[in-house]
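# Fold and geometry: a report
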Amino acid sequence: MPCLLEVKGITKAFPGSLALQNVDLDLNQGEIHGLVGANGAGKSTLVKIITGALSPDRGQILIDGKEVSFNDPREAYSSGISIVPQESNLIFYFDGIENIFLGNEAANFGIIDRKTMESQAKRLMEQLGVDVELSKPVRELNPAQRKLIEILRALNYNPRILILDEPTAAMTKNETEHLFSVMDKLRKSGSSIIFISHYLDEILRMCDRITILKDGKKVATCNKENVTEPEIVKMMINQDIKNQFPKVQVSPGKVILEARNVATADGTVIDASIDVKESEIIGIFGLVGAGRTEFVEALFGARRIIKGDIILNGKVMKNYNIYRAIGSGVTLIPEDRLSNALFLSNSVMENLSMVYLNTISRIGVINSRAEVKNSLKLIDNLNIVPSYPHNIVNNLSGGNKQKVSFGKWLFGNRKNKVFIFDEPTEGVDVGAKVEMYNIIGKLASEGAGIILVSSDIEEVIGLSDRIMVMHEGYSVGTINRENFSQEKILSMAMGTEVGVRK
Amino acid sequence: MGVNTKKIEKEIRINKNSSLSKYGTVFALLAVIVIFSVISDRFMAPDNLINILRQISTLTIVAVGLTICMATNDFDLSVGNVAGLAGVLTTGLLVTQHSMLFSIAAGLSVGVIAGLINSFLITFIGIGSMIATLGTSSIILGINFGYTGGRAVYGGLPDFFYFFGRGSLFGIPTPIIIMAIVLITAYFLLNRTVFGRYVYAVGGNINAARLSGIRVRYYRSIAIIISGITAALAGIVLASRLGSGQPTAGQAFLMDGLGAVFIGMTTIKPGQPNILGTMVGAFIIGVINNGLNLLGLPFWVQDIGKGVIMILAVASAVYRNQK
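Residues numbered from 1 in each chain as written. Chains lettered and ligands numbered in written order. Predicted model: local features only at pLDDT ≥ 70, side-chain atom pairs only at ≥ 80, totals over all residues. Heavy atoms only, no water.

### Let's talk about the overall build of chain B
Filter applied, for reference: Segments assigned H or I by DSSP are reported as helices when at least four residues long, segments assigned E as strands when at least two residues long, and all are numbered from the N terminus. The globule rule used for comparison is 2.2 Å times the number of residues to the exponent 0.38, while the radius of gyration itself is calculated over C-alpha atoms. Each residue gets one of three labels from its accessible area relative to the maximum for its type: buried under 20%, exposed over 50%, partly exposed in between, using a 1.4 Å probe on protein chains only. We call two residues contacting when some pair of their heavy atoms lies within 4.5 Å. Positive charge is attributed to Lys and Arg, negative charge to Asp and Glu, and no charge count is given to His or to the chain ends. Every charge is mapped onto a representative atom, which is NZ of Lys, CZ of Arg, CG of Asp or CD of Glu.
Within chain B, the regular secondary structure consists of 14 helices and two strands. Computed over its C-alpha atoms, the radius of gyration of chain B comes to 21 Å, within 12% of the 20 Å expected for a compact globule of 323 residues. Along the longest, intermediate and shortest principal axes, the C-alpha atoms of chain B span 85 × 55 × 40 Å. Per-residue burial over chain B gives 51% buried out of 323 residues. Taking as baseline every contact in chain B between residues at least 6 positions apart, the subset at least 24 positions apart corresponds to 76%. Considering chain B, the positive charge centre built from 21 side chains and the negative charge centre built from 9 side chains are found 11 Å apart.

### Quick notes on the sheet that holds strand E18 (residues 330-333) of chain A
All names here are of chain A. Going by this rule: Here, strands pair whenever DSSP counts at least two bridges between them. Inter-axis angles, ranging from 0 to 180 degrees, are taken between N-to-C directions of lines fitted to C-alpha atoms, where helices are fitted over the stretch in contact.
Taken together, six strands build an open sheet; the order of strands is E18-E21-E22-E15-E23-E24 and the sheet is mixed. Of all the strands in the sheet, the pair left with one neighbour each is E18 and strand E24 (474-480). Neighbouring strand axes in the sheet, compared pairwise and without regard to direction, differ in orientation by 20 degrees on average. Relative to strand E23 (residues 466-471), strand E15 (residues 281-286) runs parallel, the two being bridged by five bridges. Each residue of the ladder has a partner; that of Gly283, found in E23, is Ile467.

### Some thoughts on the nonpolar core
Residues and elements named next belong to chain A. Put simply, the rule reads: Residues enter a nonpolar core if they are buried and are Ala, Val, Leu, Ile, Met, Phe, Trp, Tyr or Cys, with the set joined through side-chain atoms within 4.5 Å. The start and end points of each domain follow an automatic or database-based domain assignment.
The biggest cluster of nonpolar side chains holds 151 residues, and the ones touching the most others in it are Phe295, Phe300, Phe406, Phe419 and Phe421. Both domains that furnish three or more residues to this core are identified here as domain 2 (252-329 + 416-497) and domain 3 (339-414). In contact with Phe419, other than residues within four places in its own chain, are Thr331, Ile333, Phe406, Trp409, Leu410, Leu443, Ala448, Gly449, Ile450 and Ile451. Counting residues in hydrophobic clusters, the runner-up holds 50 residues, among them Val84, Cys207, Ala220 and Ile237.

### Things to note about the pairing of E18(A)
Residues and elements named next belong to chain A. The two faces of E18 match: Val330 and Leu332 on one face and Thr331 and Ile333 on the other face are all buried. For E18 and strand E21 (residues 418-422), the ladder comprises four bridges, and the chain directions are parallel. Its bridge partner being in E21, Thr331 is matched across the sheet by Phe419.

### Some points on the interface of chain A and chain B
To keep it simple, the criterion reads: For any pair of parts, buried area is found by adding up, for both, the accessible area (1.4 Å probe) each one loses once the two are put together. A side-chain nitrogen of Lys or Arg and a carboxyl oxygen of Asp or Glu constitute a salt bridge if their distance falls within 4 Å. Note that Gly is not counted as nonpolar here; it falls among the polar residues with everything else outside the nonpolar set of Ala, Val, Leu, Ile, Met, Phe, Trp, Tyr, Cys and Pro and the charged set of Asp, Glu, Lys and Arg.
Taken together, the contact between chain A and chain B spans 43 residues of the former and 26 residues of the latter. Carbon and sulfur atoms make up 55% of the area that chain A and chain B hide from each other, which totals about 2,800 Å². At the junction of chain A and chain B, the tally comes to two salt bridges. Residue assignment for the side of chain A that touches chain B shows that the elements contributing at least two residues are strand E1 (3-14), strand E2 (17-28), helix H10 (322-327), helix H11 (337-340) and strand E20 (365-366) of chain A. Of the residues that constitute the side of chain A that touches chain B, the class distribution is 23 nonpolar, 15 polar and five charged.

### Focus: the domain arrangement of chain A
All names here are of chain A. As far as domains go, chain A holds domain 1 (3-241), domain 2 (252-329 + 416-497) and domain 3 (339-414). On a C-alpha basis, the centroid separation for the pair domain 2 and domain 3 is 25 Å. With 13 residues of domain 2 at the interface, the matching set in domain 3 holds twelve residues. Interface area for domain 2 against domain 3, summed over the two sides, is near 1,000 Å², with a carbon-plus-sulfur share of 66%. Per-residue buried area on domain 2 facing domain 3 is highest for Ile326, Asn416 and Glu435; these three make up 40% of the total on that side. Between domain 2 and domain 3 we count one salt bridge in total.

### Examining the confidence of the model for chain B
Operational definition: The predictor rates its confidence in each residue with pLDDT, a number between 0 and 100.
Averaged over every residue, the pLDDT of chain B is 90; the share at 70 or more is 92%. As scored by the predictor, the complex reaches a pTM of 0.78 and an ipTM of 0.84.

### Observations concerning the pairing of strand E22 (residues 449-453) of chain A
Residues and elements named next belong to chain A. What counts, and what does not: Whether a crossover is right-handed comes down to one check: with the strands pointing away from the viewer, does the path from the first strand over the helix to the second run clockwise; if it does, it is right-handed.
Across the five residues that make up E22, a large majority, five, are buried. The sheet contact formed by E15 and E22 spans four bridges and is parallel. Bridged to Ile282 within E22 is Ile451. As judged from the five bridges shared by E21 and E22, these two strands associate in the parallel manner. Residue pairing in the sheet places Val418 in a bridge with Gly449 of E22. Handedness of the crossover joining E21 and E22 through helix H15 (residues 430-445): right-handed.

### Points about the packing of helix H4 (residues 79-95) of chain B against helix H6 (residues 129-148) of chain B
Residues and elements named next belong to chain B. Filter applied, for reference: Should an angle lie under 35 degrees it is considered roughly parallel, over 145 roughly antiparallel, and from 65 to 115 roughly perpendicular; all remaining angles are considered oblique. Should the near helix be turned anticlockwise from the far one by less than a right angle, the crossing is termed left-handed; should it be turned clockwise, right-handed.
Between H4 and H6, the shortest axis-to-axis distance is 9 Å and the interhelical angle comes to 25 degrees. Considering the angle they form, H4 stands roughly parallel to H6. Relative to H6, H4 is oriented so that their crossing is left-handed. Counting all contacts with H4, which are made through Asn81, Val82, Gly84, Leu85, Val88, Leu89, Gly92 and Leu93, the residues of H6 involved are Ser137, Ile140, Leu141, Ile143, Asn144, Tyr147 and Thr148. For the contact of H4 with H6, the class distribution of residues is nine nonpolar, six polar and no charged.

### Structural notes on the packing of aromatic side chains
Filter applied, for reference: Under the pairing criterion, centres of Phe, Tyr and Trp rings, with the six-membered ring standing for Trp, must be within 6.5 Å; the plane angle then separates stacked pairs below 30 degrees from edge-to-face pairs above 60, leaving the rest tilted. In this scheme, the term charge over a ring applies when either NZ of a lysine or CZ of an arginine sits within 6 Å of the ring centre and within 35 degrees of the ring normal.
Within this structure, the stated rule accounts for 17 aromatic pairs over all chains. Plain terms: the ring middles of B:Tyr218 and B:Tyr219 are 5.0 Å apart, the flat faces sit at 85 degrees to each other, and that makes the pair edge-to-face. One Lys or Arg, B:Arg215, reaches over the ring of A:Tyr323 and ends 3.9 Å from the middle of that ring. Its end group placed over the ring of B:Phe124, B:Arg217 keeps NZ or CZ at 4.3 Å from the ring centre.

### Description of the environment of B:Ser99
All names here are of chain B. Applied cut-off: Pairs of N or O atoms are called polar contacts if they sit within 3.5 Å, as long as, within protein, a hydrogen donor faces a hydrogen acceptor (for residues adjacent in sequence, only side-chain-to-side-chain pairs).
Within the element layout of this structure, Ser99 appears in the loop between H4 and helix H5 (100-125). With 157 residues separating them in the primary sequence, Ser99 and Asp256 have C-alpha atoms 32 Å apart. In this structure the side chain of Ser99 is engaged in a polar contact, spanning 3.1 Å, whose partner is the backbone nitrogen of Phe102.

### Observations concerning unusual backbone geometry
Residue and element names in this part refer to chain A. Look at the link from Val385 to Pro386: it is a cis peptide, with omega at -5 degrees. Among the structural elements, Pro386 can be located in the loop between helix H13 (368-382) and helix H14 (398-407). Phi is positive for Asp64, close to 50 degrees, though the residue is something other than glycine. Following the sequence through the fold, Asp64 ends up in the loop between strand E4 (58-63) and strand E5 (66-68). Its identity is not glycine, yet Asn313 carries a phi of approximately 50 degrees, on the positive side. Looking at the element boundaries, Asn313 is found in the loop between strand E16 (305-312) and strand E17 (315-316).

### Observations regarding the pattern of salt bridges
Residues and elements named next belong to chain A. This structure, assessed with the given rule, holds 24 salt bridges over all chains. Close ionic contact of Arg303 with Glu297 constitutes a salt bridge, the shortest N to O distance being 2.8 Å. The closest approach of N and O atoms between Lys403 and Glu435, which form a salt bridge, is 3.3 Å. With Lys403 in helix H14 and Glu435 in helix H15, this pair connects stretches of sequence that are 32 residues apart. One salt-bridge network, held together by shared partners, links Asp275, Lys277, Glu280 and Arg466.

### Details of the packing of H4(B) against helix H11 (residues 216-242) of chain B
Residues and elements named next belong to chain B. The N-to-C vectors of H4 and H11 enclose an angle of 50 degrees; their axes lie 7 Å apart at closest approach. Judged by the angle between their axes, H4 and H11 are oblique. As for the relative orientation of H4 and H11, their crossing is right-handed in sense. Contacts from Val79, Val82, Ala83, Ala86, Gly87, Thr90 and Thr91 in H4 reach Ser227, Gly228, Ala231, Ala232, Gly235, Ile236 and Ala239 in H11. In terms of residue class, the contact of H4 with H11 is made up of eight nonpolar, six polar and no charged.

Dropping the structure here:
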C-alpha cells in the first residue's frame, strides 16, 4: 500500500501548553481520513504543521516516503497539499475570483488575465455543483458562500492532499451534500483528504479511516467499519455522554423581555415579536437570511429599530441601547465571536473581566487581586482549558474561546436576567457542546430567561421550551414543546406553513 | 513517560524564554549606548546623560499622549502643530503682560480644543483619524502663522517662565521632572485603571468593545483629547527651554513622536502601543541625536545616520520574532 503522507512523532509546544505530543498519522492514496477530537485536542495545530504554517518542535513529515519540511504554506501548495482552514483567511474587499486566485493569478507578462480565471473558476464550480457570486466582494457574501470560495481556492491548486478543517460548520444540508459529492469525486480520482469535523455522522459517512486525538495525543486510528459514534465520543472525551440534550425542567415565571412587531432600520427584520419568561428557554429557528441574528441584536439594543416596542420587566424601553440592555440584565453572546465578542490579543482574564470591570474597581483603579480571583473562579466553573488566566485568548481552541466570550457575562457571580445565545455551539465539539447545554440549563433553572438562536434544528428542539420560527424578517409563529416536530418547524422556516400566530 | 514529560516541560520553558525576544529593542538601545560610549568619551559623562534626558523630555511628553491615542487605534497627526501653537500663544500672552497662570492655561487649552474638535470629527462625524487630524493640523498651523506672522515671539518673558524648560528642582532639571510625572501617570492610567483597559479594548476590537457595553466614543474622545493636551504641554515646555515662541518649533514632534510609539510597539507588549515601549523609543531617538551630534558630523550625515540606526535597531528586534 503506497503511503502518500506520513506524519511521525510530531511534538509541538506553545508557551504554557503542549499542543501535540508524539502524534503519528498516515494517509493513503485515495483515502478520506477523518480527524476528530475535542476542542483543544490539537487537530488544527496538526494540520497547520502539515501545511507548514507552524514548524514542529520534533518529528517528521514524509510525502511518498521522502521527508519534507515546509517553511510556509506556499511550499506545501506546490507539493500538492491544500488546506481550507477553519477560520477564514479571505481578503474581504476582494471579490470571489480575486480571492480564489490569490497568489496564483493567471497572468500574461504580469498583466492579470481575468477571463481565464473566470472560466477556470466556472469549470471548478461546475465540478463542485455549486453556484457562488464571484464578482462581489466576499464581505457581502454569507459565511457558507465564503467557505465555498475558500474550497474553490484550495481545489484550484489541484491538490493531491486536501485538508478540510470544519468545512461544513456554516453550511446548509444541500451545500454539505454538494461538498460530499465533490469529496467522493476527488477520492475516486486518487486524491486524498484529511477531513476535520465535529459532526461525527459526517465523519462516519465520508471517511475510510478515523484518527482520534485527545489532549494533544493520538488515541487511535480506526477503520470506519470497526467503530461506532458512541465509541468515538468515548475516545474523544473519555466519558460517556448519556443525554445529548440535557433538558432541565423548570416552570417558567413572569415575562422579562418582550418585543412587539419590531422592524430594524436596515430592513432585515420587518415584523418580529417574541417574549421570554423567567426560567424559560425559547429557541429561534430560521434559515440563513431569516433575520435571526439581526433580531436578537435589536433585542440587545445593538441594532436600531424603526418600528415596534421592546419591553423590559413590563416597561416599554425608550431610546433603547446596549447600555440600557446591559444595565437591565440583558446579555448577548454573538455568533461571530472572533469579530464581535473577543479581544484576541488580550488575556483570558482581561476578556472575562471586561464588562463588569467597575465592580472590582475603586475610583477607576482595577483591583488586580480581585480580578485574578474572580477570573480563576470562572475559569474553574466553565472549565476553560488551559486554565492559566494570563493566556492570550487567541491561543485557545474554538470551544474555549466560546466559553470566554460567554464567561464575561458571569464575572463576579453576576446574575443577569436574559441571555441571548446566537449559535452558541457553532464550531464547538461534542464534549464542549454538552457543557454549553448544561450551562444554559443551569442559567434557566436559576431564573434567567434564555433565547437560543441556532441553525441546528435538533439542538433547538432538544433544549427549548418554545420555538419561535422566523422567515425572511417575519416571526411566523411560536410552537410549544409538546407540538415540536422537525417537519413543522422546517416548513414554517421555509415559509410554506404559517404557524399559530400569537 | 516520566522522563518524556520532563523533557517536554523543559521545552515549554525554553519556548517561554523565547519571549525574551520582546526585549530586543531594549537590547538595541543598550547596544547603541555602548557603541556611542566607545566612540565618544564625552557620551557617558553625567552632564551629557542629563542633557539627553532634557533633550528628549518634550518628545517623550508628546509621544506618551500619542501612545494613549494610538492604543485606541486612532492617529493624531496634529500634535506637532498643536505644540507649536501652544508655545507661541503662551509666550505671546506673556509678552503682552498677561499672567503666568492665564497664559499657560490658554496654551494648554489649545490642546484641549484641538482634541475636542478632533474627537468630534472622528467619533461623531466618522472621519478617519488620519484625515481628520491632518486637516485640523493644517488649520492650526494657519492660525499659528496668522497670530505670529511667522516670526518668533520673544523678549520680555518673565523669568519664572524659564523654570519649566531650563530650571531645576532638587537638582533635577524641571523638564525631566515633568516628563517623569507624565510617564508615571500615563503608565498608571493605561495599566492599572478601567480607563486604560477600555482604551486597549477599543483599539483591540471595536465591535466587541461596543457589544460589551463599553462607551467606545467616550474612550476614543478622551484619548484624542489627552493627546492634544500632552502636545500642548510639550509645546509650552519647549518654548520655555528655547526662551521664545518659535512658530515651527513643534514640527519635529510629529515624526519623532510617531517614531517613538512605533519603535515602542516592538517591545514590552509587542504589537500594542505601550508606555514603557514608547519611552524606549524616545530614548533611542534621543541617544542617536545626541551621539551623532557629539561626533560632530555634518547635519545631513546625522539625518542619514539616525534613519539607519532606527531601522537597524527595530529590525534586530523584529527579525527574530518572526516564526
